[in-house]
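Notes for the structure review
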Amino acid sequence: MSTRLRVDVWSDIVCPWCYIGKRRLEAAIGRFEHAADVEVHWHSFQLDPDHPRDRREPVLDTLARKTGSPPDQVRAMTRQVTELAAAEGLAYALDRAVSVNTLDAHRLAHLAAEHGLGGRMHERLLGAHLGEGEVLDDPDTLVRLGAEVGVPEEEARRMLAGDAYAAEVAADIREARRLGVRGVPFFVLDHAYGVSGAQSADTFLRALRTAHDAAGAAGR
């Protein structure tokens, strides 16, 4: 009898480290002896929930404003994370990225999850923001991105016109706070083992093996 291993991931779809962490987790699962038993579940987190719903701002400007750093230093920071992303096969274009409130994008991810497309939707949103300069609070853009992974367009448009799944996003964030999560990505394996940050694939692999062995010893 196989031992199912659940991995819960809290992530914001505008977080460059979250995409890197996603790729490293995937690499670890690919090397894991029991990869077929792993179930990954994505959860919402907003790094800047107070970002005004009507403000669109270049990410580089947002970083300069929030950190108080000069433009040259901000560009150096983004170059570093871009290089780390490239090592994981990801092409970032942070000079094109636009800061927005991510609530609607997370609501779309919850709708996609209802169709069994949560992981694919999260992947598409990360790539759209970090690599393509897509504006992820624009309803037409979100409907199009949803359709690309299989979310029905009219269903997505109706959802975005109301407040559906806002409560689910808030519940994810409350659960993260209950767990003591202060930043993302954050990973919880088998409801018991926490991994914070975009750790190496080797670290994730060790965590997967530890969680799987513990679950097996417990008879699950």
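The sections below set out a description of the structure shown in this document.

Reading the values: rules and limits
- Residues numbered from 1 in each chain as written.
- Predicted model: local features only at pLDDT ≥ 70, side-chain atom pairs only at ≥ 80, totals over all residues.
- Heavy atoms only, no water.
- Axes fitted to C-alpha atoms, helices over the stretch in contact; angles between N-to-C directions.
- Helix = DSSP H or I, 4+ residues; strand = E, 2+ residues; numbered from the N terminus.
- Parallel < 35°, antiparallel > 145°, perpendicular 65-115°, else oblique.
- Left-handed = near helix turned anticlockwise from the far one by under 90°.
- Contact = heavy atoms within 4.5 Å.
- Buried < 20%, exposed > 50% of the residue type's maximum accessible area, 1.4 Å probe, protein only.
- Polar contact = N/O pair within 3.5 Å; in protein donor to acceptor, adjacent residues only side chain to side chain.
- Pairing = 2+ DSSP bridges.
- Right-handed = clockwise from strand over helix to strand, strands pointing away.
- Arc of directions from axis to C-beta.

1. Let's talk about the packing of helix α4 (residues 103–114) against helix α7 (residues 153–161)
At their nearest, the axes of α4 and α7 sit 10 Å apart, and the two run at 135° to each other. What the angle tells us is that α4 and α7 run oblique. The crossing of α4 and α7 is right-handed. Residue-level inspection shows Asp104, Arg107, Leu108 and Leu111 of α4 in contact with α7, the latter providing Glu155, Ala156, Met159 and Leu160.

2. Description of the side chain of glutamine 46
One can find glutamine 46 in the loop between β2 (38–44) and β3 (57–58). On the basis of relative accessibility, which here comes to 9%, the residue glutamine 46 falls in the buried class. A polar contact is formed between the side chain of glutamine 46 and the side chain of asparagine 101, at a distance of 3.2 Å.

3. Considerations on the pairing of β2
For a regular strand, side-chain orientation follows a simple rule: the groups alternate between the two sheet faces. Here strand β1 (residues 5–11) pairs with β2 via seven bridges, running parallel. Paired with leucine 5 across the bridge in β2 is valine 38. In terms of handedness, the path from β1 via helix α1 (residues 16–31) over to β2 forms a crossover that is right-handed.

4. Section: α7
For α7, the set of buried residues is Ala156, Met159 and Leu160. For α7, the arc enclosing every buried residue in end-on projection is 95°, short of the 170-degree limit, so these residues lie on one face. Every exposed residue of α7 that faces more than 90 degrees away from the buried side is listed here: Glu154, Arg158 and Ala161. Residues of α7 that are buried sit in contact with α4 and α6 (139–149).

5. Let's talk about unusual backbone geometry
For the peptide bond that leads from valine 184 to proline 185, omega is 10°, which places it in the cis range. Checked against the element boundaries, proline 185 lands in the loop between α8 (166–178) and β5 (186–189). For aspartate 190, which is not glycine, the phi torsion reads 55° and is therefore positive. The phi dihedral of histidine 191 falls on the positive side, at around 60°, and the residue is not glycine. Tracing the backbone through its elements, the reader meets histidine 191 in the loop between β5 and β6 (193–196).

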